[in-house]
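Descriptive analysis of the structure
Each chain, written out:
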Amino acid sequence: MTSNPLTSNPLTNNPLTNNPRNPLTELPRTDTPPTAVGRDRPASAPPRETGSTPRRRRATGTLVAASAAVMVAQIANALPGALNGVFQETFSTVGSQLTWITAAFMIPVVVFELTFGVLGDRFGHRRMVVGGTVLVAAGSLVAMFASTIQMMWVASAINGLGAGAIFPASLALVASVATTVPERVRGIAVWAGFLSAGSAVSPLLGGVLADLGWWQGSYLVVVVVSILAAGLTVVLAADSPRHPDRRGDMWGQITFAVGLIAVLYGLVQGPEVGWEARPVVTTLAVGSVLLVAFVVIESRVRNPLLDLTLFRNRHFSVSSLVAVVGMFAFLGACYSTSMWLGPVQHQSPLYTGLMFLLLQGPAFVLIPVISRLQMRIPSHLLLTVGFVSMAAGAFLASTNDVMSQSVSQFVLPCLLVGIGFAFTLSPMSAVAVNSVPREQTGTASAVTNLLRDLGFALGPVLVGAIALSTAGTQLMNGLQSSGLAPADMGPAMGIAQAGGPIALNSIPAGAPGSVAHPIALESLGSGFAHAYVVVGVAAVAAAILSFAGLRPGAIREEIVEPNTGGFPATGVPAA
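Residues numbered from 1 in each chain as written. Predicted model: local features only at pLDDT ≥ 70, side-chain atom pairs only at ≥ 80, totals over all residues. Heavy atoms only, no water.

Let's shift gears to the overall build of the protein. A count of helical and extended segments in the protein gives 17 helices and zero strands. The proportion of buried residues among the 575 residues of the protein is 58%. Of the contacts formed within the protein by residues at least 6 apart in sequence, a portion of 81% connects residues at least 24 apart. Accessible surface, the protein: about 21100 Å² in total, of which carbon and sulfur atoms supply 67%. (Helix = DSSP H or I, 4+ residues; strand = E, 2+ residues; numbered from the N terminus. Buried < 20%, exposed > 50% of the residue type's maximum accessible area, 1.4 Å probe, protein only. Contact = heavy atoms within 4.5 Å. Areas by Shrake-Rupley, 256 points an atom, 1.4 Å probe, with all protein chains shown as cover.)

Rendered as structure tokens:
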């Protein structure tokens, strides 16, 4: 086997061939032994075609349609980032109700993403993209006319279901039309950039319209753009190859869905009703048992929803752990910033949108830079630098003063986190998708998106639990030692017990209990400062994993002979 001159890197080395190559960007060759990336998966590179104009137009059209679709999905996902403060005032939310707006979106994304990958393999990923954009339009219509927080949960869930179809299918379309390694890497970088562009534009859009007194208008924009994205996909996108022999995994889907929902429910409700409350303990226990059952089922069924043999490839396993921990850190930082500027300080939604431009904008602006760096610098170094930058931003944000209304204290922390995210998103996607044969990019992209989105789902859930739990404890201690007059203590204590620190922090001036507002504000500032520290520690852990676990030579590919069920061949040393 000879090194690919387009991806060869003198700093990396393939221990099986002793030839230099970058294992994070070079696609498997058909003349090399297949690796353990799935059951009976022969490694194969995309067939090289001539650079004809029709093929280039097809590839360009597919990239445009897929990028537009994923941007729409992410706009719907990120809108609450700028609107949490408005939602709190509009729907008079208490406790964890705001967290559920974000969680209601991410839960269907994570729960059904693998199934959408299988459906895309069977019926075509273009159909999944079109169907997903239609669902996002429908969910945004519900949000436009929502009159209660419960309707917002339903709207977010519908949007999440649509996004769950779009994320893996759009990435699979991009990967399926690439004919060379550089072309696929560039395509994934563009796709990842538009994913971030949606996150950057969305809060700014929501902030501007909310400042004009019409936050519902932001969801109208999503409706219109979703319909346009569906049309672009129908007209421009080339469908991926279909594999009608792919079968679903009903019991795997059921155990995974119910188990994950139960665990997330327990994590969200724990700070509000108490970690020892029977519903919280029960849901966490049942969810954990079902997730274990899911792993057992997936290891035994013929057509698993999640092919566990993917994780026999150490490279894939380490990058998977990095994806979950790293993306938890990123969205945890985003959620903390949204809550701090929104329901905590009640800043203008426009200011929140501007901060999200710093958090998400670099990943879009730096598309050409990251794309070139991926071809020249080992991905473990890009990931390490990115997570170190993310950690620095989170630790810096933890020192912000909640009593200061100056938004400038968030500029540098948000920029550092945003630059860090830009250095991590595309390399993580490229690592997994480029490690599997072209005909199974749907399954690989679904697993990749699942792990990334699992981190995204855990971000607001765990950060919200940490912040609100810490703030709640500090608030009760603060009230008890405050020396407030009984006329003020009674209402303040009642509101704190019923709705938590956010409810007490949102009482209008002059209302009963409003004199305790500074105590609630300080408690929330302390809670989210703790959350930023946790986020920073997670980013440091992801940086260490990337540097130590993904460095050239740290991962030895495991050879799998055909028809061995994905297990290492006898006599081949483990890495």
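Here the narrative resumes, following the displayed structure.
Applying the stated criterion across every chain, the model contains ten aromatic pairs. Look at F91 and W215: their rings are 6.2 Å apart centre to centre, the planes differ by 75 degrees, and that puts the pair in the edge-to-face class. Of the two residues, F91 is situated in helix α1 (residues 53-91) and W215 in the loop between α5 (181-211) and α6 (216-236); the sequence distance between them amounts to 124 residues. Seen from their ring centres, W340 and Y532 are 6.2 Å apart, and the 50 degrees between their planes marks the pair as tilted. Taken together, the positions of W340 in helix α9 (residues 314-344) and Y532 in helix α17 (residues 517-549) put the pair 192 residues apart, joining distant regions of the chain. For the pair shown, W340 and Y532 are each scored as buried. (Phe/Tyr/Trp six-rings, centres within 6.5 Å; stacked < 30°, edge-to-face > 60°.)

Another point: the side chain of N77. As for its placement among the helices and strands, N77 is situated in helix α1. Among all residues touching N77, those that are not within four sequence positions of it are F105 and M106.

As a further point, take the nonpolar core. In terms of nonpolar packing, the biggest core is built from 122 residues, with F87, M152, W215, Y219 and F387 touching the most fellow members. It is α9 that provides the largest number of residues to this core, a total of 16 residues. When neighbours within four sequence positions are excluded, W215 is seen to be in contact with L83, V86, F87, T90, F91, A143, M152, L209 and A210. L475, M493, A496 and A516 belong to the second-largest nonpolar core, a separate cluster that totals eleven residues. (Core = buried A, V, L, I, M, F, W, Y, C linked by side-chain atoms within 4.5 Å.)

On to the packing of α1 against helix α10 (residues 349-365), then. Their axes nearest at 8 Å, the elements α1 and α10 cross at an angle of 160 degrees. On the basis of their axis angle, the class for α1 and α10 is roughly antiparallel. Read as a crossing pair, α1 and α10 show a hand that is right-handed. Seen from α1, the contacting residues are G81, A82 and V86; seen from α10, they are P349, T352, G353 and F356. In terms of residue class, the contact of α1 with α10 is made up of four nonpolar, three polar and no charged. (Axes fitted to C-alpha atoms, helices over the stretch in contact; angles between N-to-C directions. Parallel < 35°, antiparallel > 145°, perpendicular 65-115°, else oblique. Left-handed = near helix turned anticlockwise from the far one by under 90°. Nonpolar A, V, L, I, M, F, W, Y, C, P; charged D, E, K, R; others polar.)

This model, assessed by the stated rule, comprises zero disulfides. Unpaired in this structure, C334 has its nearest cysteine sulfur neighbour in C414, at a distance of 7.9 Å. Residue C414 is classed as buried on the basis of its relative accessible area, which comes to 1%. (Disulfide = S-S within 2.5 Å.)

One can find T255 in helix α7 (residues 250-273). A distance of 3.1 Å separates the side chain of T255 from the backbone oxygen of G252, its partner in a polar contact. Once you skip the residues sitting within four places of it in the chain, T255 turns out to touch L290, L291, F294 and I297. (Polar contact = N/O pair within 3.5 Å; in protein donor to acceptor, adjacent residues only side chain to side chain.)

On to the environment of A175. Within the fold, A175 resides in helix α4 (residues 149-176). C-alpha of A175 to C-alpha of G187: the two residues are twelve residues apart in sequence and 7.3 Å apart in space.

The grouping of W214, L220, V221, V224, V225 and L228 at the surface amounts to a nonpolar patch, some 490 Å² of accessible area in total. Secondary-structure assignment places W214 in the loop between α5 and α6. (Patch = residues over 30% accessible without salt bridge, like charges linked within 9 Å, V, L, I, M, F, W, Y side chains within 5 Å. Salt bridge = Lys/Arg side-chain N within 4 Å of Asp/Glu carboxyl O.)

Along the chain, the position of A69 falls in helix α1. Ignoring anything within four residues of it in the chain, the contact list for A69 reads V129, T133, I166 and A229.

Right, let's get into unusual backbone geometry. A positive phi angle, near 50 degrees, is found at S92, a position not held by glycine. Counting through the fold element by element, S92 comes out in the loop between α1 and α2 (97-123). You can call S92 exposed: its relative accessible area is 54%. With a phi close to 55 degrees, H346 is a non-glycine residue in the positive phi region.

What follows deals with the confidence of the model for the protein. Caution is warranted with low-pLDDT regions, since their predicted coordinates should not be read in detail. Residue-level pLDDT values for the protein average 81, and 83% of them are 70 or greater. Note that residues 1-51 has pLDDT below 50 and, in this model, 147 contacts with residues that lie over four places away or in other chains. The model gives residues 554-575 a pLDDT under 50, and that stretch makes 46 contacts with residues more than four places away or in other chains. (pLDDT = per-residue confidence, 0-100.)

As a further point, take the packing of α9 against α10. In contact at an axis separation of 10 Å, α9 and α10 are set at 165 degrees when each is read in the N-to-C sense. The angle between α9 and α10 falls in the class roughly antiparallel. Crossing of α9 against α10: the hand is right-handed. Listed contacts from α10 to F330, C334, T337, S338 and L341 of α9 are T352, M355, F356, L359 and Q360. The residue makeup of the contact of α9 with α10, split by class, is six nonpolar, four polar and no charged.

For helix α11 (residues 367-376), the full list of buried residues reads I367, I370, S371, Q374 and M375. Down the axis, α11 shows its buried residues gathered within 135 degrees of arc, on one side only. Exposed residues lying more than 90 degrees from the buried face of α11 are R372 and R376. (Arc of directions from axis to C-beta.)

Take the environment of G164 next. Within the secondary structure layout, G164 lies in helix α4. For the pair formed by G164 and F105, sequence separation is 59 residues and the distance between their alpha carbons is 9.2 Å. Here G164 is in contact with V109, E113 and F116, once residues within four sequence places are set aside.

Our focus in this paragraph is α6. With 21 residues, α6 ought to run about 30 Å at 1.5 Å a step, and its terminal C-alpha atoms sit 30 Å apart, in line with that. Restricting attention to buried positions, one finds in α6 the residues G217, S218, Y219, V222, V223, S226, A229, A230 and T233. Considering only its buried residues, α6 is in contact with α1, α3 (125-144), α4 and α5. (Expected span 1.5 Å × (residues − 1).)

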